[in-house]
Every structure is written in C-alpha cells, then in structure tokens.
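Examination of the molecular architecture
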Amino acid sequence: MSSDLVATGIDAAGAVAVARSPRPSPRRVSAGPVAPPASGGLLEIDVRVEFEAFGLQVEQAIPAAGVTAVFGPSGSGKTTLLRSLLGFEARSRGRVALDGDLWLDSGRGIRIPPHRRPVGCTFQDGRLFPHLDVGGNLGYADRRSTPAPVAAAPITRDDVVDALDLAPLLDRRPDTLSGGERQRAALGRALLSRPRLLLLDEPLSALDRQRKEEILPYLLALHPRFGIPTLYVSHAVDEVALLADRILVLAEGRVQAFGGTVEVLEHLDLTSLTERFQAAAVLEAGVEAHDGEYRLTWLDLDGQRLSVPRIEHLAVGESARLLVRSRDVSLATERPSPTSIRNVLSGVLVALDQDESTAFAEATVDLGSHRLRARITRASAVELGLAVGLPVFALLKSVSLDTRAGR
Ligand code: ADP
Ligand code: MG
C-alpha cells in the first residue's frame with residue numbers, strides 16, 4: 001500500500017475522518033488497451049419486488065462511474081435491490097440495463113441469469129467457497145472471467161493480491177480467516193471476476209471497529225486503483241461519507257434521495273434514517289497550508305479557518321472532506337475566550353429539533369455553504385436562549401478532528 005492509503009480512517013471516537021476529494025483518476029496498473037471514455041455509462045434501474053410484508057420499488061438511473069452508496073436503515077431493501085441487480089431475486093420485475101445492455105426486461109421476458117451478468121459482488125459475511133483456500137477462491141474467479149472489453153487495463157491476479165495484501169493468505173482456508181481477512185479475500189475474488197460493476201453489500205458491518213479501520217484503507221484504494229464502478233451498500237454514515245461520490249438513499253423500499261454525497265448528507269434528515277448518535281455533517285474544506293512545527297493542516301471553509309492534525313496525503317489547494325458528528329459539536333452564543341478547542345466556526349442557527357422523549361435537541365447551524373449539526377441537551381438550549389435566526393458559534397471538539405494522518 002502506498003502511504004496515502006493508510007492516512008485516512010475513522011478516528012478512535014468514530015467522530016471525524018478525512019478523505020481525499022476529489023478522487024484521483026484510476027491508476028494504470030499495467031499496460032493494456034486504451035482506456036474507455038471517461039464519461040462512463042449508465043446503470044438504469046427500474047425494479048419492483050413484492051414480498052408478503054415488504055415491497056421494493058426503485059426507479060433511478062445511476063452513472064456507472066465512481067462509487068455510489070446505497071444507504072438506508074436496516075430493512076430498507078438495500079440487499080433486495082442488490083440481489084435484483086445480480087439476478088438472484090426471481091420475483092423482481094421491471095427493467096435493468098448497464099450501458100444499454102439489458103439484464104432484465106420482464107415485460108419482454110428478458111432475464112439474464114446471474115452468471116452472465118458482468119457483476120462482482122461481496123456479501124456482509126464475506127462469503128467464500130469453504131472448500132477452497134484463498135488462492136483457490138481467487139483462481140476460480142480468475143479462470144471463469146474474461147477481461148471486460150471496457151476495462152482500462154486488464155486486472156491481473158498479481159495486481160489484486162498486491163492491492164489487498166493477500167499474499168500471506170493464499171494458502172489459508174476461509175474458516176481460518178478473521179472477518180476482515182475474509183472480506184479482503186472476497187473483494188479480491190470479486191475483482192478477479194473482472195466485472196463491469198462491483199456490488200459490495202455492507203463489507204464492514206460485521207466487523208468490530210479495529211477490523212473496520214484495518215480494511216477501510218483497502219476499500220478506499222479500490223476504486224482509484226481499478227476504476228470499476230461500484231455500488232457500496234451501507235447503513236453507516238461515516239463509511240458513506242468517506243467512500244462515496246454519490247448516494248442513493250433508500251427507506252422502506254423507496255428512493256428517498258439521490259445526489260452528490262455532500263449535498264445529500266447535508267439536506268437529508270439523517271436523524272430519521274440513522275441512529276441518532278450517527279447524525280453528522282460533511283464539510284468540504286480546501287487545504288490552505290501545512291504547519292511543520294505543530295504538525296497541523298490549515299483548512300479553509302468558506303473563509304473560516306480550521307486546523308486539523310496534519311493531513312500528509314493532501315496538497316495545498318486540494319480539498320478535504322470532513323465528517324463531523326453532531327455529538328462532537330457544542331454551541332455558544334459568544335465567541336469563547338481561549339479554549340483548548342481549536343475550531344470555532346460562526347454561523348446562524350437555522351433549526352432546533354427537540355426530542356421530548358430524551359434529554360437532547362439537535363441544532364442545525366448554517367455556516368454559509370455548509371451546515372453543521374450539534375447535539376446538545378434541551379436544558380442547555382434553554383439556558384443559552386437558543387432560537388432560530390440567532391448567530392451562534394459551533395465548537396468542534398479537538399478529538400473530532402483526529403484524521404489519523406501519518407499513521
Ligand atoms: P436491508 O438490506 O436494507 O437491511 P433487505 O433488502 O434485506 O433490507 O430486506 C428488506 C425487507 O424485505 C425486510 O423486511 C426483509 O424481511 C424482507 N425480505 C427480504 N428478503 C425476503 C424474502 N426472500 N422473502 C420475504 N421477505 C424478504
Ligand atoms: Mg442488507
């Protein structure tokens with residue numbers, strides 16, 4: 001792995017992470033045919049699945065480029081959508097096409113079987129062939145696949161083993177692997193099927209925090225390195241904020257929102273879709289300068305300054321994506337006198353949602369082109385005299401800006 005891949009992650013408090021943005025273009029890994037036009041194609045989805053107690057109805061065209069998160073709470077239909085795209089959902093009706101190639105058109109009786117759809121997938125449990133070691137699992141995919149005609153460069157077994165550090169695992173059987181190792185092997189197998197589309201179903205959700213942090217850099221590196229359009233299913237806002245270029249939000253089997261990551265996370269009522277403790281905002285800030293002495297990076301957010309532990313992998317002028325959890329934001333009505341909290345942003349309170357069944361309220365602060373959320377107690381909202389329209393200062397706790405840079 002190159003050093004810029006390990007410099008990103010979810011911090012110890014799960015609070016803030018920083019990712020490169022915009023994404024680098026796919027790295028050519030070996031000589032090969034001329035790259036496809038950068039414009040990419042389209043994944044056209046118009047599917048319905050009816051179960052006894054649940055219906056999925058999704059109509060959305062998605063650019064077949066970059067990473068698209070399919071985001072929604074448990075039971076919202078994410079896996080059912082993926083299974084429909086894979087061809088595993090016999091009850092799916094409607095139409096699915098990738099770059100104009102029809103996979104499903106139930107009206108015309110077209111239903112391409114799963115093994116003929118050029119899709120690589122991984123499941124939550126990191127499913128592998130149990131009777132084959134990791135090398136055997138990779139070999140199976142390698143032998144059965146044909147290089148996709150649109151591939152920027154043929155994906156080789158060596159590339160995949162290198163990208164996912166699989167060399168030490170090649171002789172191991174799946175039942176001897178940790179959850180994270182299984183996911184890495186499953187990702188390798190999916191890549192070696194040389195798909196035109198990768199479908200990853202909650203690759204991190206079965207892992208504990210430490211394992212998540214170990215595997216996240218690999219996931220972040222996949223798209224830049226191999227350039228395969230990816231649908232990344234998750235119910236965790238921090239993963240989505242880091243990994244995705246755009247987000248499709250599902251709730252109760254329907255599309256709630258679709259758009260760029262920052263925009264969707266900013267406007268969505270995340271509290272209704274995610275656990276309250278997950279509520280967060282995504283900020284995009286430009287790198288203004290690196291400070292060698294204190295090992296800080298200065299960021300510019302619409303004219304306001306932020307400092308974070310030095311982000312080694314971003315150059316001045318590049319932009320960083322910050323995830324700020326609402327529980328790590330405090331509010332003040334006056335600029336605080338010197339404090340150990342380094343990041344104080346001024347804005348205007350634009351919403352205050354009280355949750356009468358708890359001690360908490362969620363405040364939304366407009367910073368200009370960004371919005372922050374703060375989780376405060378209802379009692380402090382009263383003591384501060386908070387009201388919509390009031391100028392406020394948002395204090396971002398220092399822990400929330402741990403970028404894990406340079407580890
Ligand atoms: P998610 O992946 O977002 O957690 P799923 O797509 O797994 O959601 O499930 C959505 C809903 O569909 C759930 O209520 C689930 O119980 C139901 N469901 C999924 N598969 C089937 C099935 N084969 N038969 C009946 N109900 C199903
Ligand atoms: Mg699921």
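Residues numbered from 1 in each chain as written. Chains lettered and ligands numbered in written order. Predicted model: local features only at pLDDT ≥ 70, side-chain atom pairs only at ≥ 80, totals over all residues.

Some details on the overall build of the protein chain
Selection rule: The way it works is that DSSP assigns letters per residue, a run of H or I at least four long becomes a helix, a run of E at least two long becomes a strand, and they are numbered from the N terminus. Buried residues are those with 20 or more other C-beta atoms within 10 Å of their own C-beta, exposed residues have 12 or fewer, and partly exposed residues lie in between; C-beta atoms are placed from the backbone. We call two residues in contact when the distance between their C-beta atoms, placed using the backbone, is within 7 Å.
Across its full length, the protein chain holds 10 helices and 21 strands. By residue count, 43% of the 407 residues in the protein chain fall in the buried class. The contacts of the protein chain with a sequence gap of at least 6 include a subset with a gap of at least 24, amounting to 71%.

Topic: the environment of Gly87
With respect to the secondary-structure elements, Gly87 resides in the loop between helix 2 (78–86) and strand 5 (93–98). Residues Gly87 and Trp103 lie 16 residues apart in sequence; the distance between their C-alpha atoms is 8.0 Å. If near-sequence neighbours (up to four positions away) are discounted, Gly87 is found in contact with Trp103, Ile112, Pro113, Pro114 and Arg117.

Thoughts on the sheet that holds strand 17 (residues 329–332)
Across a sheet, paired strands are connected by hydrogen bonds in the backbone, their directions being either parallel or antiparallel. Put simply, the rule reads: Strand pairing follows a simple DSSP-based rule, namely that at least 2 bridges must link the two strands. Each axis is a line fitted through C-alpha atoms, taken for helices only over the stretch in contact, and angles between the N-to-C directions span 0 to 180 degrees.
The antiparallel open sheet is built from 5 strands, whose spatial order is 17-21-18-19-20. At either end of the open sheet lies a strand with only one pairing partner, and these are strand 17 and strand 20 (371–377). Recorded for the sheet is a direction-independent mean angle of 45° between the axes of neighbouring strands. Sheet topology note: the strand 17/strand 21 (residues 391–396) ladder contains 4 bridges and is antiparallel. Across the sheet, Ser330 pairs through a bridge with Leu395, a residue of strand 21.

Thoughts on the site of ligand 1
Stated precisely, the cut-off is as follows: For each residue, a C-beta atom is placed from the backbone, and the residue is labelled near a molecule or strand when this atom is within 6 Å of it. The classification used treats Ala, Val, Leu, Ile, Met, Phe, Trp, Tyr, Cys and Pro as nonpolar, Asp, Glu, Lys and Arg as charged, and all other residues, Gly among them, as polar.
Neighbouring ligand 1 are the residues Phe51, Glu52, Phe54, Gly72, Ser74, Gly75, Ser76, Gly77, Lys78, Thr79 and Thr80. The class makeup of the residues in the shell around ligand 1 is 2 nonpolar, 7 polar and 2 charged.

Looking at the packing of helix 5 (residues 179–192) against helix 6 (residues 209–226)
Helix packing for two helices is described by the angle between their axes and how far apart those axes are. Just so we agree on the cut-off: Note that the term roughly parallel is reserved for angles under 35 degrees, roughly antiparallel for angles over 145, roughly perpendicular for angles of 65 to 115, and oblique for everything else. Handedness of each helix crossing follows the sense of rotation of the near helix against the far helix: counterclockwise by less than a right angle gives left-handed, clockwise gives right-handed.
Between helix 5 and helix 6, whose axes approach to 9 Å, the crossing angle comes to 15°. Taken together, helix 5 and helix 6 sit at an angle that is classed as roughly parallel. Between helix 5 and helix 6 lies a crossing whose hand is right-handed. Here helix 5 contributes Gly179, Gly180, Gln183, Arg184, Leu187 and Leu191 to the contact with helix 6, which in turn contributes Arg211, Glu214, Ile215, Tyr218, Leu222 and Phe226.

A look at helix 2
Because each turn of an α-helix spans 3.6 residues, side chains separated by three or four positions in sequence point in the same direction. Burial analysis of helix 2 places 8 of its 9 residues in the buried class, the great majority of the element. For helix 2, every residue scored as buried is listed here: Lys78, Thr80, Leu81, Leu82, Arg83, Ser84, Leu85 and Leu86. Two residues or fewer after helix 2 comes Gly87, characterised by a positive phi angle close to 95°.

Considering the pairing of strand 13 (residues 280–291)
Pairing geometry for strand 13 and strand 16 (residues 319–325), over 7 bridges, is antiparallel. By the bridge assignment for strand 16, Glu284 is matched with Arg321. In terms of strand pairing, strand 13 meets strand 14 (residues 296–301) through 5 bridges, oriented antiparallel. Within strand 14, the position partnered with Asp291 by the bridge is Leu296. Between the end of strand 13 and the start of strand 14, which pair antiparallel, lie 4 residues, with Arg295 showing a positive phi angle near 50°.

Topic: helix 3 (residues 134–144)
To keep it simple, the criterion reads: Arc definition: it is the arc formed by the directions from the helix axis to the C-beta atoms.
Turning to helix 3, its buried residues number three or more, namely Val134, Asn137, Leu138 and Ala141. One side of helix 3 carries all its buried residues, which in axial view fall inside an arc of 95°. Seen from the buried face of helix 3, the exposed residues on the opposite side, beyond 90 degrees, are Arg143 and Arg144. Taken together, the buried residues of helix 3 touch helix 4 (157–163) and helix 5.

Things to note about the nonpolar core
Note the following rule: Residues of type Ala, Val, Leu, Ile, Met, Phe, Trp, Tyr and Cys that are buried and joined through C-beta atoms within 7 Å form what is called a nonpolar core.
Residues Ala69, Leu199, Leu243, Val324 and Ala394 are the most contacted members of the largest nonpolar core, which totals 97 residues. Among the elements that make up this core, the one with the highest residue count is helix 6 (7 residues). Once residues within four sequence positions are removed from consideration, Leu243 is found in contact with Val67, Ala69, Leu219, Leu220 and Tyr232.

Some words on the confidence of the model for the protein chain
Here is the rule we go by: As a per-residue quantity, pLDDT reports the predictor's confidence and falls between 0 and 100.
Looking at the protein chain, the pLDDT average stands at 82 and 83% of residues meet or exceed 70. Overall, residues 1–39 carries pLDDT values under 50, and its contacts beyond four positions in sequence, including any with other chains, amount to 95 contacts.

What about the environment of Leu85?
Residue placement: Leu85 occurs in helix 2. It is 7.2 Å that separates the C-alpha atoms of Leu85 and Val96, two residues lying 11 residues apart in sequence. Residues within four places of Leu85 in sequence aside, it is in contact with Val96, Val119 and Leu199.

What about unusual backbone geometry?
Outside of glycine, negative phi angles account for most residues, and trans bonds account for most peptide bonds. Phi is positive for Glu202, close to 45°, though the residue is something other than glycine. The exposure class of Glu202 is buried, given the 23 C-beta atoms found within 10 Å. In this structure, Glu252 is a non-glycine residue whose phi angle is positive, near 50°. Along the chain, Glu252 turns up in the loop between strand 11 (246–251) and strand 12 (254–260). The exposure class of Glu252 is partly exposed, given the 14 C-beta atoms found within 10 Å.

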